[in-house]
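Listed below, chain by chain, are the residues.
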Amino acid sequence: MRGLSSLERVILESIGMESLTYDEVQAQSGLQENVCFNILQALIIRGILKCSGNKYKINENISPLMMEEINGLEARKAESLEIMEAVLEQNTDKIFRFQKVAMDSRDEKIFKAMLSNLESFLKDAHKKAQSSVPLKNRQVVFWGMGEVQSLMNQVMTGR
Amino acid sequence: MSLQNKTVQRYRLFFPKETLRESSGRTGIQITRIFRLFNGKPMKVEELEAFEKAINEKMAENPNFSRLNYVMEEAAALLTNEELGKIADYMERRVTNKKFARTYIRPLFQDASIA
């Protein structure tokens, strides 16, 4: 598989720049014990994580090729799709809206400005709470828009 | 990889937690013979067929599998290399995540044990 699975990414983001024990990684990520263990082993085998004593740390000497594989555009796209699919299939507390909206150019500008406000609100909220809210309790938020015709052309050509 | 190795590997993929005794019961091949086959002894045609039959029976339990096979053949004929790559990536991700969720990841072939 190219890139990272969203499960692997959660583990890496849980560890961040720190050195964490297995229990700390599990508490941050919220993954089941066996899943957490399997992923940590897989990441060590791939050379992305290092284990010293009982602590896990991200390898500082990841090759540029591996970095590209992990953070490349295609890999990130596939990872986002994985999470979006999970949001769509969520059974409880699901928030998801999908609509084809008729907007004149003025309303489109207003909407984009609102999105920009939303983005700065989220940035501030994250900055305020990132030290107190563990990764497992953070919210996944996504949005996007596109013109129907061009999207349909993309669907048709598969690009 | 030889056809025999492929078949045994596929068998172990479909029945990852099966003991040699269970494999013997499923295929009708003697337990000591199963052990030897899992360790690379050459297979007779009827033994290969017994493994294939067990795999096919397992696959038949999931009706969507034949649908998937049919769609994959059509996809191979119609879609571009790039589109096929996206589908392969998607499937690989689903499989990888499923493997992570297993109690443990057991390498194929290396751990056949007599029950």
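Residues numbered from 1 in each chain as written. Chains lettered and ligands numbered in written order. Predicted model: local features only at pLDDT ≥ 70, side-chain atom pairs only at ≥ 80, totals over all residues. Heavy atoms only, no water.

A. The arrangement of the overall build of chain B in detail. Summing up its helical and strand segments, chain B has six helices and zero strands in all. Here chain B, with 115 residues, has 27% of them falling under the buried criterion. Considering only contacts within chain B whose residues lie at least 6 apart along the sequence, 57% involve residues at least 24 apart. Surface accessibility of chain B: about 7900 Å² in total, with carbon and sulfur atoms responsible for 56%. (Helix = DSSP H or I, 4+ residues; strand = E, 2+ residues; numbered from the N terminus. Buried < 20%, exposed > 50% of the residue type's maximum accessible area, 1.4 Å probe, protein only. Contact = heavy atoms within 4.5 Å. Areas by Shrake-Rupley, 256 points an atom, 1.4 Å probe, with all protein chains shown as cover.)

B. Spotlight on the pattern of salt bridges. Residues and elements named next belong to chain A. Going through the model one piece at a time under the given rule, you end up with 15 salt bridges over all chains. For Arg46, the salt bridge is made with Glu69, and the minimal N-O distance between the two is 2.9 Å. One end of the pair, Arg46, is in the loop between helix H3 (33-45) and strand S2 (49-52); the other, Glu69, is in helix H4 (residues 64-71), with 23 residues separating them in the sequence. Relative accessible area serves as the criterion here: at 23%, Arg46 is assigned to the partly exposed category. Glu74 is the partner of Lys77 in a salt bridge, and the nearest nitrogen-oxygen pair spans 3.3 Å. Of this pair, Lys77 and Glu74 both sit in helix H5 (residues 73-88), three residues apart, roughly one helical turn. Connected through salt bridges with shared partners, the residues Glu8, Arg46 and Glu69 form a single ionic network. (Salt bridge = Lys/Arg side-chain N within 4 Å of Asp/Glu carboxyl O.)

C. Structural view of the environment of B:Ala101. For B:Ala101, the position within the fold is in helix H6 (residues 81-101). Setting aside anything within four residues of it in sequence, one finds B:Ala101 in contact with A:Asn34 and A:Val35.

D. View of the confidence of the model for chain A. Taken over all residues, the pLDDT of chain A has a mean of 91, while the share at 70 or more is 99%. Mean pLDDT across the secondary structure elements of chain A bottoms out at H4(A), with 86, and peaks at helix H6 (residues 105-129) of chain A, with 96. (pLDDT = per-residue confidence, 0-100.)

E. Up close: the packing of helix H1 (residues 6-15) of chain A against H3(A). Residues and elements named next belong to chain A. Packing of H1 against H3 leaves a shortest axis separation of 10 Å and a crossing angle of 85 degrees. Here H3 runs roughly perpendicular to H1, going by the angle between their axes. On the side of H1, the interface is formed by Leu7, Glu8, Ile11, Leu12 and Ile15, while H3 contributes Cys36, Ile39, Leu40 and Leu43. Classifying every residue of the contact of H1 with H3 by side-chain character gives eight nonpolar, no polar and one charged. (Axes fitted to C-alpha atoms, helices over the stretch in contact; angles between N-to-C directions. Parallel < 35°, antiparallel > 145°, perpendicular 65-115°, else oblique. Nonpolar A, V, L, I, M, F, W, Y, C, P; charged D, E, K, R; others polar.)

F. Quick peek at the domain arrangement of chain A. Splitting chain A by domain gives domain 1 (6-73) and domain 2 (97-157). The straight-line distance from the C-alpha centre of domain 1 of chain A to that of domain 2 of chain A is 29 Å. (Domains from an automatic or database assignment.)

G. Inspection of the pairing of S2(A) at higher detail. Where S2(A) meets strand S3 (residues 55-58) of chain A, four bridges bridge the pair, whose relative direction is antiparallel. Across the sheet, the residue bridging to A:Ser52 is A:Lys55, located in S3(A). (Pairing = 2+ DSSP bridges.)

H. Looking closely at the confidence of the model for chain B. Scored by pLDDT, chain B comes out at a mean of 84, with 88% of its residues at no less than 70. Segment residues 105-115 of chain B is flagged for pLDDT under 50; beyond a separation of four residues in sequence, or across chains, it makes 25 contacts in the model.

I. View of the sheet that holds S2(A). All names here are of chain A. A sheet is described by the order of its strands in space; here three strands give the open sequence S1-S3-S2, paired in antiparallel fashion. In this open sheet, the two strands that pair with only one neighbour each are strand S1 (20-21) and S2. Each of S1, S2 and S3 touches H1; the most contacted strand, S3, lies at about 100 degrees to it. Its contacts with the sheet place H3 against S2 and S3, and it is angled at close to 105 degrees to S2.

J. Examining the state of the cysteines more closely. All names here are of chain A. Going through the model one piece at a time under the given rule, you end up with zero disulfides over all chains. Cys36 takes part in no disulfide bond, and the closest cysteine sulfur to it belongs to Cys51, at a distance of 12 Å. We classify Cys36 as buried; its relative accessible area is 0%. Residue classification places Cys51 among the partly exposed residues on the basis of a relative accessible area of 41%. (Disulfide = S-S within 2.5 Å.)

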